[in-house]
Amino acid sequence: MQEPNLKYFSKEEEDVVTQQAMALIEQGKDDEADSLLYSLPMPAEYLQTLKEHMGLEALINEGVNLSRAVEKYGQNWLSS
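Criteria and thresholds
Residues numbered from 1 in each chain as written. Predicted model: local features only at pLDDT ≥ 70, side-chain atom pairs only at ≥ 80, totals over all residues. Heavy atoms only, no water. Helix = DSSP H or I, 4+ residues; strand = E, 2+ residues; numbered from the N terminus. Contact = heavy atoms within 4.5 Å. Core = buried A, V, L, I, M, F, W, Y, C linked by side-chain atoms within 4.5 Å. Buried < 20%, exposed > 50% of the residue type's maximum accessible area, 1.4 Å probe, protein only. Salt bridge = Lys/Arg side-chain N within 4 Å of Asp/Glu carboxyl O.

Once that is clear, we can look at the overall build of the protein chain. Tallying secondary structure elements over the protein chain gives five helices and zero strands in all. For the protein chain, the α and β elements follow one another from N to C terminus as α-α-α-α-α. Dimensions of the protein chain, computed from C-alpha atoms along their principal axes, come out at roughly 40 × 25 × 20 Å. Counting contacts in the protein chain only where the partners sit at least 6 residues apart, residues at least 24 apart contribute 61% of the total.

Shown next as structure tokens:
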């Protein structure tokens, strides 16, 4: 299993990635845009729901940024 994406983004970095993703969507590159958007932190509660329905391994394999869930629920969230 690959390492989880726990990268921190400043507000400015999040804005840049979002703008890049929107440009990709306008070019019809939806898969690339999705990958970029998955790299951004998501709300912890949303990630908990995704984990319950998809499983942690799927989230990690998709490169979903899990940093806010770990921040809120602790490092054990990655193993429970």
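Once you've had a look at it, read on.
With that settled, the discussion passes to the nonpolar core. Within the largest apolar cluster, 13 residues are counted, with the highest numbers of intra-cluster contacts made by Leu47, Leu56, Val64, Leu66, Trp77 and Leu78. Mapped onto this core, the elements with two or more residues apiece are α3 (44-54), α4 (56-62) and α5 (67-73). Beyond its immediate chain neighbours, meaning those up to four positions away, Leu78 contacts Pro4, Leu6, Leu56, Leu66 and Val70.

On to the pattern of salt bridges, then. Inspection of the entire model under this criterion finds three salt bridges. The salt bridge partner of Glu14 is Arg68, with a shortest N-O separation of 3.1 Å. On the criterion of sequence distance, the pair formed by Glu14 in helix α1 (residues 11-26) and Arg68 in helix α5 is long-range, its members being 54 residues apart. The shortest N-O distance in the salt bridge between Glu45 and Lys72 comes to 2.4 Å. Placement of Glu45 in helix α3 and of Lys72 in helix α5 is noted, with a sequence separation of 27 residues between them. Owing to a relative accessible area of 42%, Glu45 belongs among the partly exposed residues under this scheme.

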